[in-house]
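Reading the structure
Chain by chain, the residues:
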Amino acid sequence: METNMNNTKSNPIETRDIGTNSEFGYNSQRTPLAKPTQAQVPPKTMETRLTSAEPAPARDLWNGKIEFILSCVGQCIGLGNVTRFPYLCYKNGGGAFLLPYLLTMLFAGIPMYFMELALGQWLSIGGIGVWKISPAFRGVGYAAAVMAAWLNIFYIVILAWGIFYLFSSFTSVLPWSHCNSWWNTHNCMSAYDRDHIPYKCSNESYTFEINKTDYANITLMYGNVSDFVCKQFYDGTKYSSPVREFWERYVLQISSGIDQPGNIRWQLSLCLLLVWIMCYFCIWKGIKWTGKVVYVTALFPYVLMTVLLIRGVTLPGAMNGIRFYLLPDFEKIKNSSVWIDAVTQVFFSYGLGLGSLIALGSYNKYHNNVYKDALCISLLNSCTSIFAGFVIFSVIGFMAREQQLPVSEVAASGPGLTFLAYPSAMVQLPISPLWSVLFFLMLLMLGLDSQFVTMEGFFTALIDEFPSVLGRHREIFIGIICFMSYLVGLSCVTEGGMYIYQLFDFYAASGLCLLLLIFFECIAVSWGYGINRFYKNLHSMFGFYPSPFWKFAWVIATPSICMGVFLFYIVQFEPVKYLTYEYPTWAHGIGAMMALSSVGLIPTYMIYLFFVTPGTVLERCKSMFRPEIKLPGNQAVVDAPPSYSEVTMQVTRDGIVQF
């Protein structure tokens, strides 16, 4: 009797290979991992056992290569490329910063990007299950999942702020352009208000300020102070800009400290809810739906950045900003902080260590040339960061000219650039609400795909770990986690929410945690599993062996960079601060627990596995590092089917079951 093997709904089957010495067995797509040699010709049949349990849902694959590439582009190109890289480039020597950045990219960023995508594609499983290649390091997968969960909670708050600004931009006059609103103080004065900014006059002996009432008496004023050099001076310690007051007194309504959480900002809570709903519907149906969304979220920001660049470079003073952005100062390369910034920026912007890249690769066809994909996407990421620098600093140069200040005093990073510096520049542009809408729409698109692709990696890891339970109720499970994350994230939209956000940012997904996570991830593959074994896996996928350079990077360069920068980080460690506010000791304690909740799982799981593994100490150590997958000459089967309720069949290679 013959029946087609694809008809599994009525007779679910569980299969395992027996007597197969193919180079590395099969992945979850049932694709041969290597072409067997003449001495390793697999048998024409395999034993199959019929059980009463239903099979796990079939794994989805990308509808096309372009969806995979756009998803990777959307994941790794986010707010950090626009709000962090340009500032770090200027801060650390301009064009000279590109040297440590490019070296880090070459010896750590691209190799780890390639490794994570290749791991996922080879095993077709999420960020926890892949560590069956070296069970002792399974804690790396759990740590990555916890860190991704923390990141999903606080990263999305930036998008909530962005949506608030986006909605506020739909007006004829931007609300942060003047001092006539209820939240403004009597010290409010715009840095562009030439009619009220006082003149600071000085000569060799004296310095004084004189107010300017109108343009009519300017000649008289200069006549009275002919021996002095007078220049309009905006004293940031004396006056408060309407942009800052809109941000701190209206958007955040910030309290005096983390011990004063205050009330939930209901407007921000609704914006946060809206972003969570958007992210949920981007991933709820899996990659078949996500792959369609990224056509918009990954490509549209490039259109907006190009439009903003064209407008930016045509502004007066733009070239001064670009010059400060790229002007090399090679003396700064001697500072260790420059190299720390370069490494952390590469790791953050590439989205490494969070399991999302492993998840994206796991939906590929087995023989996809992810080697070429990883190189192209990595280079695109770095080029986008450099391109974004021109977009940002062309406008920063214009701001400096209008405020008559050096570029160094108006350049900012992170929220300071997103919600202070750039909105301030928007005020001076013609049709300022239009440019404000375009800017915050670009930020929303940049952050949205990074957010939901990271979420996809998190959910893929958990669903692959428990496919029979979570896989069948994917939409409900994702909805519950999103709602719980939203509730936790409400702490970041209270009046003291900015202090909590900074705590999350510094500890939960900090550079220290990320460096340790990537270090152990690289060690697990190159030393725990074995670099030569991994190279054979790559050969089975691509049909060729990659360059020996990757061996050097994975075995020596990347672990050395991670551990070296980690040690420098520890030596130069400074507790988190928000502007001049210093956190109490108990807040640092909570932050340390958030950090340990992820990276602490790596040694914890190793200790747990050691005690639950039977045998002597030596036998336990060998077992902990022995892959739970079929290797050459190893016919053992992990998680073999139970010995009851079984029916022996003969299954031919063309997919026909014979009883």
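Rules used in this analysis
Residues numbered from 1 in each chain as written. Predicted model: local features only at pLDDT ≥ 70, side-chain atom pairs only at ≥ 80, totals over all residues. Heavy atoms only, no water. Helix = DSSP H or I, 4+ residues; strand = E, 2+ residues; numbered from the N terminus. Buried < 20%, exposed > 50% of the residue type's maximum accessible area, 1.4 Å probe, protein only. Contact = heavy atoms within 4.5 Å. Axes fitted to C-alpha atoms, helices over the stretch in contact; angles between N-to-C directions. Left-handed = near helix turned anticlockwise from the far one by under 90°. Disulfide = S-S within 2.5 Å. Lys, Arg positive; Asp, Glu negative; His and termini not counted. Salt bridge = Lys/Arg side-chain N within 4 Å of Asp/Glu carboxyl O. Phe/Tyr/Trp six-rings, centres within 6.5 Å; stacked < 30°, edge-to-face > 60°. Lys NZ or Arg CZ within 6 Å of the ring centre and 35° of its normal. pLDDT = per-residue confidence, 0-100. Parallel < 35°, antiparallel > 145°, perpendicular 65-115°, else oblique. Polar contact = N/O pair within 3.5 Å; in protein donor to acceptor, adjacent residues only side chain to side chain.

Moving on to the overall build of the chain. Counting its secondary structure elements, the chain contains 25 helices and 10 strands. Within the chain, buried positions represent 55% of all 659 residues. If you take every contact in the chain between residues at least 6 apart in sequence, the share linking residues at least 24 apart comes to 82%.

The subject of this paragraph is the packing of helix H5 (residues 138–168) against helix H24 (residues 601–612). Their axes nearest at 8 Å, the elements H5 and H24 cross at an angle of 145 degrees. Judged by the sense of rotation from one axis to the other, the crossing of H5 with H24 is right-handed. Together, Arg138, Gly139, Val140, Tyr142, Ala143 and Val146 of H5 and Leu601, Ile602 and Tyr605 of H24 make up the contact between the two elements.

Glancing now at the state of the cysteines. One pass over the structure, following the stated rule, counts 1 disulfide. Each disulfide pairs two cysteine sulfurs, and for cysteine 179 the partner residue is cysteine 188, the sulfurs being separated by 2.0 Å. Measuring the twist about the S-S bond at about -70 degrees, one finds the cysteine 179-cysteine 188 disulfide to be left-handed. Under the relative-accessibility criterion, cysteine 179 is labelled partly exposed at 27%. Judged by relative accessible area, cysteine 188 falls into the buried class, the value being 12%. The thiol of cysteine 482 is not disulfide-bonded; the next cysteine sulfur, from cysteine 279, is found 7.5 Å away.

Glancing now at the side chain of arginine 620. Position of arginine 620 relative to the elements: it lies in helix H25 (residues 617–624). Buried and without a salt bridge, arginine 620 has glutamate 619 as its closest oppositely charged side chain, separated by 7.4 Å.

Further remarks concern the packing of aromatic side chains. Taken as a whole and assessed by the stated rule, the structure comprises 64 aromatic pairs. Aromatic pair phenylalanine 439 and phenylalanine 440: ring centres 5.1 Å apart, planes at 75 degrees, arrangement edge-to-face. Look at phenylalanine 440 and you get buried, because its relative accessible area is 1%. Across the ring face of tyrosine 250, the terminal group of arginine 265 is positioned such that the distance to the ring centre comes to 5.8 Å.

For the rest of this paragraph, the subject is unusual backbone geometry. The backbone of serine 124 sits at a positive phi, close to 50 degrees, despite the residue not being glycine. Mapped onto the secondary structure, serine 124 falls in the loop between helix H4 (98–123) and H5. When its relative accessible area of 3% is taken as the criterion, serine 124 is described as buried. Look at glutamine 253: it is not a glycine, yet its phi comes out positive at around 45 degrees. Assignment of secondary structure puts glutamine 253 in the loop between helix H7 (242–252) and helix H8 (266–283).

Okay, the confidence of the model for the chain next. In regions of low pLDDT, the predicted coordinates are not meant to be interpreted in detail. Confidence in the prediction of the chain, expressed as mean pLDDT, is 80, and 79% of residues score 70 or more. When mean pLDDT is taken per element in the chain, H24 scores highest with 94 and strand E2 (residues 13–15) scores lowest with 37. Here residues 1–54 scores under 50 on pLDDT; set against residues more than four positions off or in separate chains, the count is 128 contacts.

Right, let's get into the packing of H5 against H7. Remark: H5 packs on H7, axes separated minimally by 12 Å, with the N-to-C direction vectors making an angle of 105 degrees. On the basis of the axis angle, H5 is roughly perpendicular to H7. For the pair H5 and H7, contact is made by Trp161, Phe164, Tyr165 and Ser168 and by Phe246, Trp247, Tyr250, Val251 and Leu252, respectively.

Structurally, the position occupied by serine 378 is in helix H14 (residues 370–403). Taking the relative accessible area as the measure of exposure, serine 378 reaches 0% and is therefore buried. Engagement of the side chain of serine 378 in a polar contact is seen with the backbone oxygen of alanine 374, the distance being 2.7 Å. When residues no more than four places from it in sequence are discounted, the contact partners of serine 378 are Ile110, Tyr113 and Tyr350.

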